[in-house]
Amino acid sequence: MNRNFTNYQPGTNTTAPVPTAASTTGGPKKSVLIIAAIVVVAIVLVIVGVATKGGGEDTDGGASAIRTAHGPTTIIDGVPRGYTRDQAGAQTAAVNFIQAIGQTHQGRLDGAKLRELAVASDPTTALTTVLDSASGREESKGTVNGVPLIVTVTDFTQDSATVSEWGLGVSQAPLSADTDKVGILSVYSTTTVQLVWEGDDWKAKDWKFAPGPDLEEAQFPAADSPLAQQGAGGFYTFYVN
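Before going into details, it helps to say that this report is about the structure given with it. Small disclaimer: the values here were computed from a predicted structure and weren't measured. (Residues numbered from 1 in each chain as written. Predicted model: local features only at pLDDT ≥ 70, side-chain atom pairs only at ≥ 80, totals over all residues. Heavy atoms only, no water.)

### Remarks on the sheet that holds strand β5 (residues 160-174)
Logical step 1: With antiparallel pairing, the four strands of this open sheet are ordered in space as β4-β5-β6-β7. Taken across any chain shown, the strands that pair with only one partner, and hence form the sheet edges, are β4 (143-156) and β7 (202-211). Neighbour-to-neighbour, the strand axes of the sheet open up by a mean angle of 25°, direction not taken into account.
Logical step 2: Taken strand by strand, helix α2 (residues 87-105) contacts β4, β5, β6 (182-197) and β7, and its axis lies near 150° from that of β4. (Pairing = 2+ DSSP bridges. Helix = DSSP H or I, 4+ residues; strand = E, 2+ residues; numbered from the N terminus. Axes fitted to C-alpha atoms, helices over the stretch in contact; angles between N-to-C directions. Contact = heavy atoms within 4.5 Å.)

Below, the structure written as structure tokens:
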């Protein structure tokens, strides 16, 4: 690189010689590099902006965006929504709906909101009865959690699905009002949820609950039992805090 030292005064200027614009070669090449750097920075800023916008921010009042393999894609006021239109999406929707019913019974989830967002437009009498009994409750001081163990899709089309969940219900509650001691109770049960594809999502239409079978009874299920069919290898549940 050729440099012009005309303006350089030895002994008076302690800084290094600075080449003038007229004497510097490679100017166009340097300009191209600067422009390329600006473009790269701009692209990075766009990517960061999109990623930030798509994060778990509130998008519609109480709605929060989330990302899971088969849904949900959002939770609105504690109600999961947005499932894939396949068996995996249906079984995940059913498990989350069962969890939501349990939370509604404990007064931790609004029954009217659950009905609005996760229930079909024409639910059966059985499901309506469950929703009515769960609505308007005060928050429970005890803890009741339903743990899904085996989930099977016993019937499926693109427009409807029947999902059976064999699970374990565990409760923790004070033994009496004048003691700090608590008791733990566990019960096995089977819940069957019929879903329909409505409003671009899986919605609950029918509900059936039965106690059991207990662990010993379930070890060798009958051929017509949902437990004899291939169970789901994985599913998602969400706690409402």
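### Considerations on α2
Logical step 1: For α2, which comprises 19 residues, the first-to-last C-alpha distance of 27 Å matches the rise-based estimate of 27 Å (1.5 Å per residue) to within 8%.
Logical step 2: Most of α2 is tucked away: 16 of the 19 residues are buried.
Logical step 3: In the segment just after α2, Gly107 is the residue with positive phi, at about 75°. (Expected span 1.5 Å × (residues − 1). Buried < 20%, exposed > 50% of the residue type's maximum accessible area, 1.4 Å probe, protein only.)

### Comments concerning the sheet that holds strand β3 (residues 79-81)
Logical step 1: Read from one edge to the other, the open sheet built from three strands follows the order β1-β2-β3, with strand pairing classed as antiparallel. Both outer strands of the open sheet, β1 (63-65) and β3, are each paired with one neighbouring strand and no more. In this sheet, adjacent strand axes meet at a mean angle of 25° when their direction is disregarded.
Logical step 2: Against the sheet, helix α3 (residues 111-118) engages β2 (74-76) and β3, with an angle of about 5° to β3.

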